[in-house]
Amino acid sequence: GDQCPGNSEHGKALRELLERDDKTEATVRQALGTRFDELAKETQLFLMTAEHNYIQNPVELDFSQVVVEFTKAFEVEFRRAMDPYVEILQELAICDTSFKGEISSFSLGQYLGFLRRNVRTLEPEFRKRGLNLPAICREVATVNDQKLAKHTQTTSKAAATGFRTRFLSRPSVFEALFSAT
């Protein structure tokens with residue numbers, strides 16, 4: 001559908017730009033190794049967009065967009081990792097009156113609070129599939145701590161570099177979202 005970033009006019013234009021600049025994809029691919037190919041196409045596009053903006057932005061400008069693109073990449077993979085648990089998560093959400101709405105509409109921050117609040121119930125379910133719920137919560141918290149970049153806060157290149165390192169180093173923030181088995 002046209003909702004996928006790679007299918008929109010902007011997404012197509014960006015993909016063409018990034019394909020011409022094959023160093024961007026090579027950098028991200030090298031940083032993540034074989035994990036890169038396991039990521040959703042949208043995630044790959046967000047990561048390459050973040051890297052492209054990181055490299056192209058003059059140091060004196062705001063780097064919030066870099067943080068936002070990395071955050072979007074994480075959110076796509078986080079939601080993919082939660083897919084097998086949607087039924088149990090939704091049942092818990094219905095019973096927990098402090099959380100309103102469908103699981104699918106939760107922000108990362110809401111999801112983090114929800115997972116932490118229900119860790120005793122959920123941890124065995126996650127463990128069955130080779131996932132470490134406390135590690136997932138740590139990575140969600142790391143990414144969510146940068147949420148002000150989406151709003152009014154400016155982000156320096158130094159701050160963006162630290163955030164970028166969490167994504168393009170090993171282990172990356174994505175590792176907690178993939179089964180250890």
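The structure reproduced in this document is the subject of the present report. (Residues numbered from 1 in each chain as written. Predicted model: local features only at pLDDT ≥ 70, side-chain atom pairs only at ≥ 80, totals over all residues. Heavy atoms only, no water.)

Re the pattern of salt bridges
Taken as a whole, this structure holds 10 salt bridges when the rule is applied. A salt bridge links arginine 35 to glutamate 175; its shortest N-O distance comes to 2.8 Å. On the criterion of sequence distance, the pair formed by arginine 35 in helix 3 (residues 35–38) and glutamate 175 in the segment after helix 10 (157–167) is long-range, its members being 140 residues apart. Judged by its relative accessible area of 14%, arginine 35 is buried. Overall, the relative accessible area of 31% leaves glutamate 175 in the partly exposed class. One salt bridge in this structure joins arginine 80 and glutamate 77, with 2.9 Å as the shortest N-O distance. Remark: glutamate 77 and arginine 80 occur in helix 5 (residues 64–82); sequence separation between them is three residues, near one turn of the helix. Because the salt bridges share partners, they merge into one network encompassing Glu25, Arg29 and Asp37. (Salt bridge = Lys/Arg side-chain N within 4 Å of Asp/Glu carboxyl O. Helix = DSSP H or I, 4+ residues; strand = E, 2+ residues; numbered from the N terminus. Buried < 20%, exposed > 50% of the residue type's maximum accessible area, 1.4 Å probe, protein only.)

Digging into helix 4 (residues 41–56)
Residues spaced three or four apart along an α-helix face the same direction, because each turn holds 3.6 residues. In a regular helix each residue adds 1.5 Å, so 16 residues correspond to 22 Å; helix 4 covers 22 Å between its end C-alpha atoms and thus fits that length. Among the residues of helix 4, those classed as buried are Thr43, Gln44, Leu45, Phe46, Leu47, Met48, Thr49, Ala50, Glu51, His52 and Tyr54. (Expected span 1.5 Å × (residues − 1).)

Regarding the nonpolar core
Membership of the largest hydrophobic core comes to 51 residues, with the highest contact counts inside it found for Phe74, Phe78, Phe167 and Phe174. For this core, the secondary-structure elements that each account for two or more residues are helix 2 (22–32), helix 4, helix 5, helix 6 (86–95), helix 7 (108–117), helix 8 (119–128), helix 9 (133–144) and helix 10. Of the residues forming this core, the biggest block, eight residues, is contributed by helix 5. Apart from the residues lying within four places of it in its own chain, the contact partners of phenylalanine 167 are Leu32, Leu47, Phe70, Thr71, Phe74, Val143, Ser172, Val173 and Phe174. (Core = buried A, V, L, I, M, F, W, Y, C linked by side-chain atoms within 4.5 Å. Contact = heavy atoms within 4.5 Å.)

Remarks on the packing of helix 6 against helix 7
Where helix 6 contacts helix 7, the axes come no closer than 11 Å and their chain directions differ by 85°. Viewed along their axes, helix 6 and helix 7 adopt a mutual orientation that is roughly perpendicular. Contacts between helix 6 and helix 7 involve Leu89, Leu92 and Ala93 from the first element and Tyr111, Phe114 and Leu115 from the second. For the contact of helix 6 with helix 7, a count of residues per class yields six nonpolar, no polar and no charged. (Axes fitted to C-alpha atoms, helices over the stretch in contact; angles between N-to-C directions. Parallel < 35°, antiparallel > 145°, perpendicular 65-115°, else oblique. Nonpolar A, V, L, I, M, F, W, Y, C, P; charged D, E, K, R; others polar.)

Note that all results are geometric; they support no functional claim without further evidence.
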